[in-house]
Amino acid sequence: MSAPRDRFKGGLASRLVQVGFLVAISVLWYLATTRWGVNKLLLPNPLNVWDQLVDVIAKGEYLNDLRITLTELAFAFAISMVSGTLIGFAISRSPYFTKVFEPLFAGIYSIPIILFLPLYVLFFGLGPASKIALGTTISFFPVVLSTIAGFSNVDRVLVTAAKSMGASDYQLFRYVLVPAALPVILTGLRMGFTVALLSIIGSETIASLGGLGHRIVNLAENMDMARMFAYIVFAIAIAAFLNTTVSVLEARGKRQR
Amino acid sequence: MSATTQQISAPSPGIVLRLKRYMLRHPGVARLGVVLLLFVAWEIAARWFVDPMFLAPPSKVLFAFDDVLATRGVPAALRLTFFELAIAFSIAVVIGVVVGLAVGLSKFGNRSFMPIILLLYGIPQITILPIFILYFGIGAASKIAFGVTHGMFPIMMAVVAGVQNIKPILMVSARSMGASRWQILRYVIYPHMIPSFFSGMRLGMTGVLLGVLLAELYVSTAGIGYFTSVFTQNFDPTKLLGLVAMLAAMAIVLNEVVRRAEVHFARWRD
């Protein structure tokens, strides 16, 4: 009887600590800007940031930047999703090709591909093309690796059983291989989506003509701190929303099986 | 006529077949072949099809390594980047282990602070890169700080996971046999933490590399980021590719060192 109550009390205390942490940060931030005279150029007043955030959203100023970032993301993820799953499936059909290509992809995946950004900029220019290319490259590897892993780890017994019951190639693919491999592939797709988003905002920050990352840098260079913080909050919220959506889709896809 | 053709071409399928058999038995060699093919394709594309302003053939890049290293400031920039990576990684490991132990060792700490750590880890840090530059300047400090914040979270989570995987019975029996806190830490927690600690180190190294290189590319006065932008603006793909190749080699070596350490220290369990 007492054990669950203890656990409940512990849980409540933990929630209190978490809420306290967030409140403490906000209060410290507020006091630092109003009482302790921290330079406004280093840390803007949180209330100002809030006003700016409301202003940005009310005026719809963010629309153009958001559109650019999301378009780049959509292209990059679509290309890497299609190419990654197709190439991964093709490679997974032969254990030999898996042995040849899997370590190769894993090796390239361990290099920080962001290094190649200057090459991409040189090649594709400062516009969206270089971001799409970089996002595609970076998100291709988790997708292809998880597709190979998903399809090559399908239980042999299931395949043999389906074949002995006279399943056609299509039926084998549709009713045995895909359902068995799907959870791993979905995880890879989610990882690919997350890194694509990160690398696109990252490359916009480093060298670009438009997009959310570009806007943040622009405001930083103009020392417009409150508005920059507002855009950072906005970008983080967008990223959180997109990542949560993808995670929910992933969980749903796994459950439907 | 057909007989002679057959006779002439007879040895060639033999070689092809033998090569095929050899490749089938050695996937590693075939992998090397694929890489070589890619380089050949790159060489052909760069030599005859692409504007030399944008792409240099790999043969030229290979011979340009001397040139790149002879460019004033490049060796110092490579050293500086290596130094930033090393410092950032060390700080990330220390913070990661200390926070990870503090959070992981108590049930309450774990339940209270793990969600906060996950929340912070989930923030796309690249959006706050300008703030890092603002606070730490455009020198090495901002790169190190950005590398630390990228590297410490995976290490923290690996340490917490490692501590939690210790069977409670081991802790209880150590305590009932009168082990001190320090002894428990040294003889129970430490050996059990080693495997997950090293897999955390590997993930942490990936994060540190990403953070430092992102900050370098964003703004830099003396590091490799400075030279990549100079080479890009001068449309000098040979030197740019050479520099990027050197950095990729540095990243591969660092990753490989940590990965080897992981494999080595994870062995005692089996």
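### Details of the overall build of chain B
Next up, step 1: When you go through chain B residue by residue, the secondary structure sums to 13 helices and zero strands.
Next up, step 2: Starting at the N terminus and ending at the C terminus, chain B contains elements arranged as α-α-α-α-α-α-α-α-α-α-α-α-α.
Next up, step 3: Here the C-alpha radius of gyration of chain B, 26 Å, is well above what a compact globule of 270 residues would show, namely 18 Å.
Next up, step 4: The principal-axis extent of the C-alpha atoms belonging to chain B is close to 90 × 55 × 30 Å.
Next up, step 5: Relative to its full complement of 270 residues, chain B shows a buried share of 37%.
Next up, step 6: For chain B, restricting intrachain contacts to residue pairs at least 6 apart in sequence, the fraction spanning at least 24 positions comes to 77%.

### Details of helix 7 (residues 107–122) of chain B
Next up, step 1: For helix 7 of chain B, which comprises 16 residues, the first-to-last C-alpha distance of 22 Å matches the rise-based estimate of 22 Å (1.5 Å per residue) to within 8%.
Next up, step 2: Taking the largest bend as the criterion, helix 7 of chain B deviates by roughly 35 degrees, centred on Phe 113 of chain B, and proline Pro 115 of chain B comes between one and four positions later.

### Digging into the environment of Ile 132 of chain A
Next up, step 1: Inspection of the secondary structure assignment puts Ile 132 of chain A in helix 6 (residues 128–152).
Next up, step 2: For the pair Ile 132 of chain A and Ile 236 of chain A, spaced 104 residues apart in sequence, the C-alpha to C-alpha distance is 20 Å.

### Considering the packing of helix 5 (residues 117–124) of chain A against helix 13 (residues 237–265) of chain B
Two quantities define a packed helix pair, namely the angle between the helix axes and the distance between the axes.
Next up, step 1: Direction vectors running N to C along helix 5 of chain A and helix 13 of chain B enclose 155 degrees, while the axes themselves pass 10 Å from each other. Taken together, the axes of helix 5 of chain A and helix 13 of chain B lie roughly antiparallel to each other. Helix 5 of chain A and helix 13 of chain B meet at a crossing whose hand is left-handed. On helix 13 of chain B, the residues touching Pro 118, Leu 119 and Leu 122 of chain A of helix 5 of chain A are Pro 237, Leu 240, Leu 241 and Val 244 of chain B.

### Considering the nonpolar core
Next up, step 1: In this structure, Ala 196, Ile 216 and Tyr 231 of chain A together with Leu 129 and Leu 214 of chain B are the most contacted members of the largest nonpolar core, which totals 120 residues.
Next up, step 2: If we ignore the near neighbours within four places in the chain, the residues touching Ile 216 of chain A are Thr 205, Met 228, Tyr 231, Ile 232 and Ala 235 of chain A together with Thr 127 and Pro 130 of chain B.

### Some points on the domain arrangement of chain A
Accessible area lost during the coming together of the parts is what is often quoted as the interface size.
Next up, step 1: Partitioning chain A into domains gives domain 1 (2–38) and domain 2 (57–256).
Next up, step 2: For domain 1 of chain A versus domain 2 of chain A, the separation of C-alpha centres amounts to 35 Å.

### Observations regarding the domain arrangement of chain B
Next up, step 1: The domain boundaries assigned to chain B delineate domain 1 (2–49) and domain 2 (66–269).
Next up, step 2: On a C-alpha basis, the centroid separation for the pair domain 1 of chain B and domain 2 of chain B is 42 Å.

Here is what the cut-offs are and how they apply
Residue numbers run consecutively from 1 along every chain, following the written order of its sequence. All chains are assigned letters beginning at A, and all ligands numbers beginning at 1, according to the order in which they are written. Only residues with pLDDT of at least 70 get local features here, since the model is predicted, and only at 80 or more are side-chain atom pairs given and counted; chain-wide, interface and lining totals rely on the full set of residues. Secondary structure counts use DSSP, requiring at least four H or I residues in a row for a helix and at least two E residues in a row for a strand, with both numbered from the N terminus. We compute the radius of gyration over the C-alpha atoms and compare it with the globule rule, which gives 2.2 Å times the number of residues raised to the power 0.38. With C-beta atoms placed from the backbone, a residue counts as buried when 20 or more other C-beta atoms lie within 10 Å of its own, as exposed when 12 or fewer do, and as partly exposed for counts between those limits. In this description, any two residues whose backbone-derived C-beta atoms lie within 7 Å of each other are considered to be in contact. An expected span of 1.5 Å times one less than the residue number is assigned to each helix. Bend angle per residue: angle between axes fitted to the 7 residues ending at that residue and the 7 residues starting there. The angle between two axes is taken between their N-to-C directions and runs from 0 to 180 degrees, where each axis is a line fitted to C-alpha atoms and a helix contributes only its stretch in contact. Just so you know how the angles are binned, under 35 degrees is roughly parallel, over 145 roughly antiparallel, 65 to 115 roughly perpendicular, and the rest oblique. Handedness of each helix crossing follows the sense of rotation of the near helix against the far helix: counterclockwise by less than a right angle gives left-handed, clockwise gives right-handed. Connectivity within a nonpolar core runs through C-beta atoms within 7 Å, and the core itself is a set of buried Ala, Val, Leu, Ile, Met, Phe, Trp, Tyr and Cys residues. All the domain ranges listed were derived from an automatic or database domain assignment.

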